[in-house]
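# Structural features, examined
Here's the letter readout for the chains.
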Amino acid sequence: KQEVTQIPAALSVPEGENLVLNCSFTDSAIYNLQWFRQDPGKGLTSLLLIQSSQREQTSGRLNASLDKSSGRSTLYIAASQPGDSATYLCAVPELMNRDDKIIFGKGTRLHILP
Amino acid sequence: NAGVTQTPKFQVLKTGQSMTLQCAQDMNHNSMYWYRQDPGMGLRLIYYSASEGTTDKGEVPNGYNVSRLNKREFSLRLESAAPSQTSVYFCASSEGPQRIQPQHFGDGTRLSIL
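Small disclaimer: the values here were computed from a predicted structure and weren't measured. (Residues numbered from 1 in each chain as written. Chains lettered and ligands numbered in written order. Predicted model: local features only at pLDDT ≥ 70, side-chain atom pairs only at ≥ 80, totals over all residues. Heavy atoms only, no water.)

### Observations concerning the layout of surface pockets
By volume, the largest pocket is sized at about 490 Å³. Every element with two or more residues in the lining of the largest pocket is listed here: β1 (4–5) and β10 (102–104) of chain A together with β5 (42–49) of chain B. It is β5 of chain B that provides the largest number of residues to the lining of the largest pocket, a total of 4 residues. Considered class by class, the residues forming the lining of the largest pocket number 9 nonpolar, 6 polar and 7 charged. Each pocket or cavity is described by its volume, and for the second largest pocket that value is around 290 Å³. Lining the second largest pocket are 17 residues, and of these Q38 of chain A together with Q37, D38, P39 and G40 of chain B lie nearest its centre. Of all the secondary structure elements, the ones that give two or more residues to the lining of the second largest pocket are β9 (86–93) of chain A together with β4 (31–38) and β9 (87–94) of chain B. (1 Å grid on protein atoms, 1.4 Å probe; cavity = no way out; pocket = protein on both sides within 12 Å on 5 of 7 lines; lining within 4 Å. Points joined across faces, edges and corners; volume = space filled by probe spheres on them. Helix = DSSP H or I, 4+ residues; strand = E, 2+ residues; numbered from the N terminus. Nonpolar A, V, L, I, M, F, W, Y, C, P; charged D, E, K, R; others polar.)

### Re the interface of chain A and chain B
Tallying the contact residues gives 23 residues for chain A and 23 residues for chain B. Taken together, the two surfaces of chain A and chain B that pack against each other cover about 1,800 Å², and 51% of this comes from carbon and sulfur. When residues of chain A are sorted by the area they lose upon contact with chain B, L44, D100 and F104 of chain A head the list and together hold 30% of the total. For the pair chain A and chain B, the number of links is 1 salt bridge. K42 of chain A is paired through a salt bridge with D107 of chain B; the nearest N and O atoms lie 3.7 Å apart. (Contact = heavy atoms within 4.5 Å. Buried area = accessible area lost by both parts, 1.4 Å probe. Salt bridge = Lys/Arg side-chain N within 4 Å of Asp/Glu carboxyl O.)

### Observations regarding the side chain of K101 of chain A
With respect to the helices and strands, the residue K101 of chain A is situated in the loop between β9 and β10. Classification of K101 of chain A by relative accessible area gives buried; the value is 16%. Apart from residues no more than four positions distant in its own chain, K101 of chain A is found in contact with P93 and E94 of chain A together with L45, K57, G58, E59, Q98 and R99 of chain B. (Buried < 20%, exposed > 50% of the residue type's maximum accessible area, 1.4 Å probe, protein only.)

In C-alpha cells:
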C-alpha cells in the first residue's frame, strides 16, 4: 500500500530565504504527484501537478521536482514571503486497485518569519 | 468564481442526531469526493462519485451515506452521529479522476458531535 511521508512536520524560515519541502512515497509506480497548499480554516488549493514523465514543474516562485526511482519529490519556494505561510501537502495516486484514490501526506506547516 | 461550495460551515450535533452536508460545484466537473481531515490522521476519503448516478466507497465509509443528486451536487449524510465523527469535512471535485486531474476543494464543514 502506498505511503506518503513529509518531513519535517513544521518549519520556520526568515523572510526572503529560499526553502525546500520534502515528500517521499513508497511505491514508485505513480502517474503523477500533486502539491497542495492549505491555509488555516480553508480547503486545499492545488499548486502543481507533476506527471510521472516530467522531472520538474514550475509555477511562479514554486518549483516541484520528481524522482520516481528514489520515491521523492521536493517543492522549492524561492524568495519566501510571509504570505507563503501555510501547510503544504503532497499526494500520489493509490494504484493497488482500480479505485480513484489518492494518498495524502500529513503536510509540512511552514511559517515565514517577517 | 464560486468553485466548490459547502454548507453549512459549522455545525454542532448531539450523539444520535442526523444531518446532511451539502456540496455543489459550478465547474461542470464529473468527479466529486468527500474527505474528512483529523489531526494526526491527515485527509481520508469517505466516498466519491466518478459521474452522475454513481458512487463508490473510499477508505472510511462506515457511518456515512452519499447522494450524487445531479452533476453539480454531492451530499454526505450522517444517519446517527457519533463523537468519532467529529471532524472537518471537505468536498472536492475534478474534471476527471483525481488520480490524473487536479482537484478543487471547498472550504470545509467543521462538525462537532457532543
